[in-house]
2 protein chains.
Amino acid sequence: MTATVEEHAALVRALVEPVLPHETETVQLAEAAGRVLGGIVLSPVDLPRFRNSQMDGFAVRAADLPGPLPIVGEIPARPGSPAPLEPGTAVRIMTGAVVPDGADAVIPIEDTAVSDGRVSVLRPRAAGEYVRERGGDSRAGDELLPAGIRLSSRHLAALAAAGITAAPVRRRTRIAIITTGSELVPLGREPGPGQIVDANAVALHAAVRAAGAEVAFEARVTDDAAAFRIALDAATGAADLVLTSGGISMGEHEVVREVLGPLGGTIGHVAMQPGGPQATAAVDGVPVIAFPGNPVSTQLSFEVFVAPLLRSHAGLPAARREVRLLDEPLRSVPGKRQFLRGRAVGHERVALVSGPGSHLVAGLAASDLLLVVPEQTTELAKGDSVETIAL
Amino acid sequence: MTATVEEHAALVRALVEPVLPHETETVQLAEAAGRVLGGIVLSPVDLPRFRNSQMDGFAVRAADLPGPLPIVGEIPARPGSPAPLEPGTAVRIMTGAVVPDGADAVIPIEDTAVSDGRVSVLRPRAAGEYVRERGGDSRAGDELLPAGIRLSSRHLAALAAAGITAAPVRRRTRIAIITTGSELVPLGREPGPGQIVDANAVALHAAVRAAGAEVAFEARVTDDAAAFRIALDAATGAADLVLTSGGISMGEHEVVREVLGPLGGTIGHVAMQPGGPQATAAVDGVPVIAFPGNPVSTQLSFEVFVAPLLRSHAGLPAARREVRLLDEPLRSVPGKRQFLRGRAVGHERVALVSGPGSHLVAGLAASDLLLVVPEQTTELAKGDSVETIAL
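Structure report, in brief. Predicted, not measured: the structure shown is a model, and the values here were computed from it.

Reading the values: rules and limits
- Residues numbered from 1 in each chain as written.
- Chains lettered and ligands numbered in written order.
- Predicted model: local features only at pLDDT ≥ 70, side-chain atom pairs only at ≥ 80, totals over all residues.
- Axes fitted to C-alpha atoms, helices over the stretch in contact; angles between N-to-C directions.
- Helix = DSSP H or I, 4+ residues; strand = E, 2+ residues; numbered from the N terminus.
- Parallel < 35°, antiparallel > 145°, perpendicular 65-115°, else oblique.
- Left-handed = near helix turned anticlockwise from the far one by under 90°.
- Contact = placed C-beta atoms within 7 Å.
- Nonpolar A, V, L, I, M, F, W, Y, C, P; charged D, E, K, R; others polar.
- Least-squares fit on C-alpha atoms with pLDDT ≥ 70 in both.
- Buried ≥ 20, exposed ≤ 12 C-beta atoms within 10 Å, placed from the backbone.
- Pairing = 2+ DSSP bridges.
- Expected span 1.5 Å × (residues − 1).
- Arc of directions from axis to C-beta.

**Looking at the packing of helix α1 (residues 5-16) of chain B against helix α6 (residues 295-313) of chain B**
Residue and element names in this part refer to chain B. The geometry of α1 relative to α6 is characterised by a closest axis approach of 9 Å and an angle of 40 degrees between their N-to-C directions. Taken as axis vectors, α1 and α6 run oblique relative to one another. The element α1 and its partner α6 pack so that their crossing is right-handed. Between α1, through Val5, His8, Ala9, Val12, Arg13 and Val16, and α6, the contact on the second element is made entirely by Val304, Phe305, Val306 and Leu309. Among the residues making up the contact of α1 with α6, the classes are represented as eight nonpolar, one polar and one charged.

**Some thoughts on the relation of the copies chain A and chain B**
Here chain A sits on chain B after a turn of 180 degrees about the axis and a move of 0.0 Å along it, with an RMSD of 0.0 Å. Such a turn and shift between the copies fits a two-fold axis. In terms of C-alpha distance to the rotation axis, chain A has A:Arg320 as its closest residue, with the C-alpha 6.2 Å off the axis.

**Topic: the pairing of strand β22 (residues 286-291) of chain B**
All names here are of chain B. In terms of residue burial, β22 counts as a mostly covered element, since five of its six residues are buried. Sheet analysis places strand β18 (residues 241-245) next to β22, joined by four bridges and oriented parallel. The residue of β22 that forms the bridge with Ser245 is Phe291. Sheet topology note: the strand β21 (residues 277-283)/β22 ladder contains five bridges and is antiparallel. Its bridge partner being in β22, Ala281 is matched across the sheet by Val288.

**Here's the deal with helix α4 (residues 225-238) of chain A**
Residues and elements named next belong to chain A. Under the 1.5 Å per step criterion, the end-to-end length of α4 is 20 Å for 14 residues, consistent within 8% with the ideal 20 Å. Within α4, burial applies to Phe228, Ala231, Leu232, Ala235 and Thr236. Along the axis of α4, the buried residues cluster in a sector spanning 135 degrees; they form a single face. For α4, the exposed residues lying more than 90 degrees away from the buried face are Ala226, Asp233 and Gly237.

Structure (structure tokens):
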């Protein structure tokens, strides 16, 4: 039974979305950048906290203008409360300094003339000018930040200004990664005859983190059903979501298929290339999304089916999709959506990179776009439009 | 003397670009995601490492087809070297398994019929079909990855597949941050009368890291020239680049101006709002980029003058700029480029958020775009086009 890409994506979404975490944890602001705010934050104070000067100049009563007014003191931007301003006087004031009671305007220094200890105002000013009112930015009890935003420097600045030292953020999704295959050796061990380095563990680890989730468990198992079952149990205990690679095609020794099938998993085929074999299951209530093991298939399957869900949950933008013009003709398999590897050429065009083979891991690394060739398309000419997804 | 935004940006670029680091450090693949590859990486091995099967099926000699051929064994994807294939025979083979010497084609299982221990081929196949040749993805000595790319999961997968456990990456730019102002208290301390929390330290720290650089030194000093000088000396010793906030306007107690001026710094004014006062210097060969201290001014100055240089060096994309249609009319100060805060409305429009004041830190947090109003523009009508920069 072959599913469409959309059907399988819907199946994965239905399994994964309910387990994406919505509980929050509290992190210090220094660690909060990039995290998703778990709830609304109300301002605990007025911002500005006190009435202060927008300019370097003179604090005055507008009614006393244009002067000349005797300069009776100076208020720097320093701790402390200045004395009230006496009517008919002026006080030097620095940007950010407390505007004294009694003053209702600040005259910028460039609009004044000072002579003999007195200041005259060259341009008339109304009450309130250049005075930053207490609470003029945000009032105590107002919404300072809405829930669900991805925190960046400007949000942290607002929290800090309000004296908030830690923020409630959405817990990151915890992901378990199990790579399968008796031919795999871990990175750092030299492969012998018939062996290859497990690139999927490295790729999925980095891709999960780039999608704003965290890796809570990692295992690599041989094509041994008992070993996979042990790893799977540990994975479902540690994570919100389990990703596996390999072991779901139609050959012999397909351990993921052998284990997930009896657990009620859906072992199927999706009309796409690479990435035809796909499987899903829920084990002890934890979704298991099983990808085929060829490294390009694993990586594309993650990008197509899982990354969009994780990125959205983590407040990250979706991968950019745009239509480009083919730099060369191409052929495609009928009945399958083909994800070919390409590279942007200028702002409008795209060239093919490497070939369609699902083992071409260096070719995938050399590409920066996926070309999406629809199921019904068997060939495209140079100059034809094709949808691309940024990697 | 007033500089244009472009003139000041050129001044900052001329100071900063020479100190952006190009030496490399070696990091393990697990830590390499997001780092910029410091040099070309050549493949140390052929990829694939050995001739292997693209499909689950049968390894055969194409010349022996269509059979029937006796099935003489099975080659799973496991460690070891299979025996050569005898002419006139077939062997079961799994995806990724070593294609035995003597075999020159793989027949997918769905194109075969098995009966009585013999396999017949239903569709003729040529030599080479479904065989992944050794080195077909990348050959030993070929470029596996070019210098200067920002490493993501697919690059790490290619490095891992080639057995490369660590990558040479460009050292991150080391930034020192000095915030100045006697009115500042650190985050976590309750401000008293006339005091505010230092939001600039928090904002610059997060913004520096988001731009792919690292914070090597942080200090907060009062409006005391000697204290600033001590912090500055420590900063230039620790960092490639020093950023400061505050102390450069025309008022009294402007410690950054007082210290940088005699050191040959350029203390000036830029025709922009917020962010008019701007200063630069080179102290002991280390560039010092001094921003005004109002929190919106500090943050915008970093985004406009420094972030583009750091992001480019770290392999990050530039902030997205696009033209949008104003949702409401606005007025702007003649002779200054105004950076107003706004929020995207749908795909095409933009609304103003908060006001133009440089103290509106909550207003900046509520915005997601900057509107760029050109120097010569004094008003724009609802529906007019305006350039925006994504925050």
